[in-house]
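Structure at a glance
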Amino acid sequence: QVQLEESGGGLVQAGGSLRLSCAASGSIVRMYDMGWYRQALGKQRELVATITTGSSTNYADSVKGRFTISRDNAKNTVYLEMNSLKAEDTAVYYCNAKIVIRDGLGSVYMYWGQGTQVTVSS
């Protein structure tokens, strides 16, 4: 069993910064692509940022230049540095990871974190 544990969410004023962390634990052999998604109240879940095994990154247009995704493979952790936060960034943020599990078969599964609330006050 694999779990993703998120941390770093909270309340911040507009213009401020937060750093989200997501650490994977369990029967992990390797982590492939990882990412962050968010879902605002009453809206659909949307992509925020992704990072590939080769550390290639992709960002939603709404966060380009403000957010930075990174990873630490040794710690099985993905981060999201959020700067210049806006009220529109308020949402539940979800960690996502494509993981090779330790089953001797090289099986790959997609996992999601429980979500962490980010609230930006204007």
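In what follows, the structure referred to is the one given above.
These remarks concern the structure in this document. Just so it is clear, the model here is predicted, and its values are computed rather than measured. (Residues numbered from 1 in each chain as written. Predicted model: local features only at pLDDT ≥ 70, side-chain atom pairs only at ≥ 80, totals over all residues. Heavy atoms only, no water.)

**A short note on the sheet that holds strand E1 (residues 2-7)**
Spatial strand order, E1-E3-E8-E7: four strands in an open sheet with antiparallel pairing. Edge positions in the open sheet fall to E1 and strand E7 (67-72), since each of these has one partner strand only. Within this sheet the neighbouring strands show an average axis-to-axis angle of 15°, counted without direction. Bridge count between E1 and strand E3 (residues 18-26): six bridges; the pairing is antiparallel. Note on E3: the bridge partner recorded for Ser 7 is Ser 21. (Pairing = 2+ DSSP bridges. Helix = DSSP H or I, 4+ residues; strand = E, 2+ residues; numbered from the N terminus. Axes fitted to C-alpha atoms, helices over the stretch in contact; angles between N-to-C directions.)

**Description of the state of the cysteines**
If you walk through the whole model with that rule in mind, you get one disulfide. Covalent S-S linkage joins Cys 22 and Cys 95, the inter-sulfur distance amounting to 2.0 Å. For the disulfide bridge between Cys 22 and Cys 95, the dihedral angle about the S-S bond is near -85°, and by the sign convention the bridge is left-handed. Of this pair, Cys 22 sits in strand E3 while Cys 95 sits in strand E9 (residues 91-101), and the two are 73 residues apart along the sequence. (Disulfide = S-S within 2.5 Å.)

**What about unusual backbone geometry?**
The phi angle at Ser 55 is positive, at roughly 70°, despite the residue not being glycine. Locating Ser 55 in the fold gives a position in the loop between strand E5 (46-51) and strand E6 (57-59). With a relative accessible area of 44%, Ser 55 lands in the partly exposed category. Non-glycine residue Ser 84 carries a positive phi angle of around 50°. Positionally, Ser 84 belongs in the loop between strand E8 (77-82) and E9. Note on Ser 84: relative accessible area 42%, which makes it partly exposed. (Buried < 20%, exposed > 50% of the residue type's maximum accessible area, 1.4 Å probe, protein only.)

**Details of the pattern of salt bridges**
Applying the stated criterion across every chain, the model contains five salt bridges. A salt bridge links Asp 61 to Lys 64; its shortest N-O distance comes to 3.0 Å. Judged by relative accessible area, Lys 64 falls into the partly exposed class, the value being 49%. For the salt bridge of Asp 89 with Arg 66, the shortest nitrogen-to-oxygen distance reads 2.8 Å. Taken together, the positions of Asp 89 in the loop between E8 and E9 and Arg 66 in the loop between E6 and E7 put the pair 23 residues apart, joining distant regions of the chain. On the accessibility criterion, Asp 89 (1% relative accessible area) is buried. It is possible to trace a salt-bridge network through shared partners that takes in Arg 38, Glu 46, Arg 66 and Asp 89. (Salt bridge = Lys/Arg side-chain N within 4 Å of Asp/Glu carboxyl O.)

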